[in-house]
Every structure is written in structure tokens, then in C-alpha cells.
Amino acid sequence: QVQLVESGGGLVQAGGSLRLSCAASGGTFSSKIMGWFRQAPGEEREAVAAISRSGSNIDYADSVKDRFTISGDNAKNTVYLQIDTLKLEDTAVYYCAASGGMWFPRRKDRQYDYWGRGTQVTVSS
């Protein structure tokens with residue numbers, strides 16, 4: 001079983017930056033692909049970024065690729081999501097997800113096996 005714990009969320013002014021972290025434990029084989037999703041109030045959960053454990057494969061949603069950066073530190077079993085130039089519409093709960101298997105861009109909930117509980121990001125004007 002893989003456990004995922006997100007951190008780094010908070011209240012930030014528009015234009016600011018945040019770095020979210022996702023610490024994984026319990027099974028490196030089952031966390032070969034790590035993804036970040038977000039869910040705004042009243043909206044469906046959407047994929048924002050994914051990265052392979054090697055770091056050689058990265059995928060971004062078109063809506064965020066200019067402002068979001070995903071990265072990983074295998075020594076710490078941690079994946080990061082850097083969010084720059086925050087916008088009001090970035091307000092959401094951000095979830096970390098993990099999956100085993102071969103790399104391909106995974107943008108659907110069902111393509112991941114493990115989930116964290118989420119961290120709230122609130123952007124104020």
C-alpha cells in the first residue's frame with residue numbers, strides 16, 4: 001500500500017507562488033507515476049500534471065503548463081508542484097495520486113491507484 005500526504009497549501013494572494021509537496025511511502029513500485037489533480041468547489045476533479053519516477057516523462061494540462069512545474073526527489077520520495085502567478089481560479093483542493101505501470105499521460109482519476117487526502121489552496125484578490 002502506498003500512502004500519500006500532501007502539504008504546502010494555504011491562502012495566497014493572486015500573483016503569488018506556492019510549492020505543494022506530496023510525500024509517498026509504502027511502495028516505490030506502485031508509485032512509478034505521480035500525478036497532481038485539483039478540484040474546485042462545484043467542479044469535477046481535473047488533472048494538472050504528472051511525472052514518471054525517473055523524471056524523464058512529464059505531462060501538463062494545457063491550462064496550467066505555463067505556470068505549473070512538477071518535479072520529484074526520489075531520495076525523499078517526494079513530488080512537488082510549483083505554482084507561479086497564482087490566479088483566483090487556481091483555488092481548489094489539490095490532490096496527489098500514484099500509480100504503477102508504464103508511463104503514459106494519465107489524466108483520469110481511474111488511471112491512478114492511490115490518493116492523498118488533499119491540501120487546500122485558496123487564492124485571494
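Residues numbered from 1 in each chain as written. Predicted model: local features only at pLDDT ≥ 70, side-chain atom pairs only at ≥ 80, totals over all residues. Heavy atoms only, no water.

Novice: Got a minute to help me understand the state of the cysteines in this structure?
Specialist: One pass over the full model with this rule turns up one disulfide. The side chain of Cys 22 participates in a disulfide bridge whose partner is Cys 96; the two sulfur atoms lie 2.0 Å from each other. Around the S-S axis, the bridge from Cys 22 to Cys 96 shows a dihedral of about -75° and counts as left-handed. Taken together, the residues Cys 22 in strand β3 (residues 18-25) and Cys 96 in strand β9 (residues 92-99) connect sequence positions 74 residues apart. Relative accessible area serves as the criterion here: at 0%, Cys 22 is assigned to the buried category. On the basis of relative accessible area, Cys 96 is assigned to the buried category, the value being 0%. (Disulfide = S-S within 2.5 Å. Helix = DSSP H or I, 4+ residues; strand = E, 2+ residues; numbered from the N terminus. Buried < 20%, exposed > 50% of the residue type's maximum accessible area, 1.4 Å probe, protein only.)

Novice: Whenever I open this one, the sheet that holds β3 confuses me. Can you help?
Specialist: Strand pairing in a sheet is mediated by backbone hydrogen bonds. Such pairs are either parallel or antiparallel. Pairing is antiparallel in the open sheet, where four strands are placed in the order β1-β3-β8-β7. Looking along the sheet, the strands with just one partner apiece sit at the ends: β1 (3-7) and β7 (68-73). Ignoring which end each strand starts from, the neighbouring axes of this sheet average 15° apart. As defined by bridge partners, β3 adjoins strand β8 (residues 78-83) across six bridges and the pair is classed as antiparallel. Its bridge partner lying in β8, Ala 23 is registered against Thr 78. (Pairing = 2+ DSSP bridges. Axes fitted to C-alpha atoms, helices over the stretch in contact; angles between N-to-C directions.)

Novice: Would you mind going over unusual backbone geometry with me for this structure?
Specialist: Peptide bonds are, in most cases, trans, and in most cases residues other than glycine have a negative phi. Backbone geometry at Asn 77 places phi at a positive 50°, although glycine is not the residue there. Counting through the fold element by element, Asn 77 comes out in the loop between β7 and β8. On the basis of relative accessible area, Asn 77 is assigned to the partly exposed category, the value being 28%. For Thr 85, which is not glycine, the phi torsion reads 45° and is therefore positive. Structurally, Thr 85 is set in the loop between β8 and β9.

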